[in-house]
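Fold and geometry: a report
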Amino acid sequence: MWRKRLELFLTSRRNIAGCVGGIGGIGLLAFGITSGGVGLGIVAGLYVIGYLAARPEKGIGLSLVDTGDSADMKRGLERLLASIRFRVTDDVYQRVGSIAYSIVQTLPNDGRANDPTDPNVNLIRQTALNYLPQALDAYLSIPRIYAERRAVSGGKTAHEILMDQLDLMDQKMKEAADDIAANDTERLLTNARFLQERFANSSLEPATASVPANQMGQSHDGPGIL
């Protein structure tokens, strides 16, 4: 446990910034600008300044709230993407973007929420509001160097574990989006069949126009319809 904590500290943003400041102090010693105890004090002071000036690792720093409005969910996903844009590698960003796209594709254009009784809708909502933000929050709380280079479970790094999670979410969101589209299409066809059966023999069926007997057999001089 202590080794893990030490590695997390050594690879943290604050320690790296402090080391950069300390190296600057060592440079002053090397060029003879400072010397002795004063020089060592400056090295330590520059390390502390760099350490305190750097921001510590933190999660995504936002939460998506289920208001029942699909437009709010779309804006929340846009904020999520913006918050991680320069904090993750391209493969993570692209996969999160693909997941968000599949979710947005299932949202009604008029801002209404989907049918809450549909299990696919519930899966999509939970992914957008919980699963995706929580996975990113846990990942971004780890120093990036540690997350990308240190194996933490089953020989995989935190980055590889996150990508496995995102790949699974991406696959499930695409499947859910396809199912919802198929269900919508089936409802459309069912409604079409109902209307056809309902009005097939109703008064809405256009009547055949009767042709006067004296006009039967007369030729039409206008252009024909092929």
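Predicted, not measured: the structure shown is a model, and the values here were computed from it.

Counting its regular elements, the chain contains eight helices and two strands. Along the chain, from the amino end to the carboxyl end, the secondary structure elements read α-α-α-α-α-α-α-β-β-α. The buried share of the chain, taken over its 226 residues, is 29%. Pairs at least 24 residues apart make up 70% of the contacts formed inside the chain by residues separated by at least 6 positions. Element-wise, carbon and sulfur atoms account for 58% of the exposed surface of the chain, whose accessible area totals about 15100 Å².

The next point concerns the pattern of salt bridges. Summed over all chains, the structure comprises six salt bridges. Residue Asp167 is joined to Arg95 by a salt bridge in which the shortest nitrogen-to-oxygen separation is 2.5 Å. Of this pair, Asp167 sits in helix 8 (residues 158-199) while Arg95 sits in helix 5 (residues 90-105), and the two are 72 residues apart along the sequence. We classify Arg95 as partly exposed; its relative accessible area is 25%.

It is at 6 Å that the axes of helix 2 (residues 13-30) and helix 3 (residues 36-53) come closest, and there the two elements cross at 155°. By the angle class used here, helix 2 and helix 3 are roughly antiparallel. Of the two elements, helix 2 crosses helix 3, and the hand of that crossing is right-handed. On the side of helix 2, the interface is formed by Arg14, Asn15, Ala17, Gly18, Cys19, Gly21, Gly22, Gly24, Gly25, Ile26, Leu28 and Leu29, while helix 3 contributes Gly36, Gly39, Leu40, Ile42, Val43, Leu46, Tyr47, Gly50, Tyr51 and Leu52.

A few words on the side chain of His159. Here His159 shows up in helix 8. For His159, a relative accessible area of 12% puts it in the buried group. One polar contact links His159 to Asp91, side chain to side chain, over a distance of 2.9 Å. If near-sequence neighbours (up to four positions away) are discounted, His159 is found in contact with Thr89, Asp91, Val92, Tyr139, Ala147 and Glu148.

The full count for this structure, using the stated rule, is zero aromatic pairs. Above the face of the Phe86 ring, Arg85 is positioned so that its terminal group lies 5.3 Å from the ring centre. Against the face of Tyr93 rests Arg85, its NZ or CZ located 4.4 Å from the ring centre.

A separate point is a nonpolar patch on the surface. Nonpolar side chains collect at one region of the surface, where Trp2, Leu6, Phe9 and Leu10 lie side by side and expose about 430 Å² of accessible area between them. Following the sequence through the fold, Phe9 ends up in helix 1 (residues 2-10).

If you check helix 4 (residues 70-84), its first and last C-alpha atoms are 22 Å apart, about what 15 residues at 1.5 Å a residue would give, namely 21 Å. Three or more residues of helix 4 are buried, namely Ser70, Met73, Gly76, Leu77, Leu80, Leu81 and Ile84. Take helix 4 and look down its axis: the buried residues cluster within an arc of 140°, on one side only.

Conventions and cut-offs
Residues numbered from 1 in each chain as written. Predicted model: local features only at pLDDT ≥ 70, side-chain atom pairs only at ≥ 80, totals over all residues. Heavy atoms only, no water. Helix = DSSP H or I, 4+ residues; strand = E, 2+ residues; numbered from the N terminus. Buried < 20%, exposed > 50% of the residue type's maximum accessible area, 1.4 Å probe, protein only. Contact = heavy atoms within 4.5 Å. Areas by Shrake-Rupley, 256 points an atom, 1.4 Å probe, with all protein chains shown as cover. Salt bridge = Lys/Arg side-chain N within 4 Å of Asp/Glu carboxyl O. Axes fitted to C-alpha atoms, helices over the stretch in contact; angles between N-to-C directions. Parallel < 35°, antiparallel > 145°, perpendicular 65-115°, else oblique. Left-handed = near helix turned anticlockwise from the far one by under 90°. Polar contact = N/O pair within 3.5 Å; in protein donor to acceptor, adjacent residues only side chain to side chain. Phe/Tyr/Trp six-rings, centres within 6.5 Å; stacked < 30°, edge-to-face > 60°. Lys NZ or Arg CZ within 6 Å of the ring centre and 35° of its normal. Patch = residues over 30% accessible without salt bridge, like charges linked within 9 Å, V, L, I, M, F, W, Y side chains within 5 Å. Expected span 1.5 Å × (residues − 1). Arc of directions from axis to C-beta.

In short, geometric facts, not functional conclusions.
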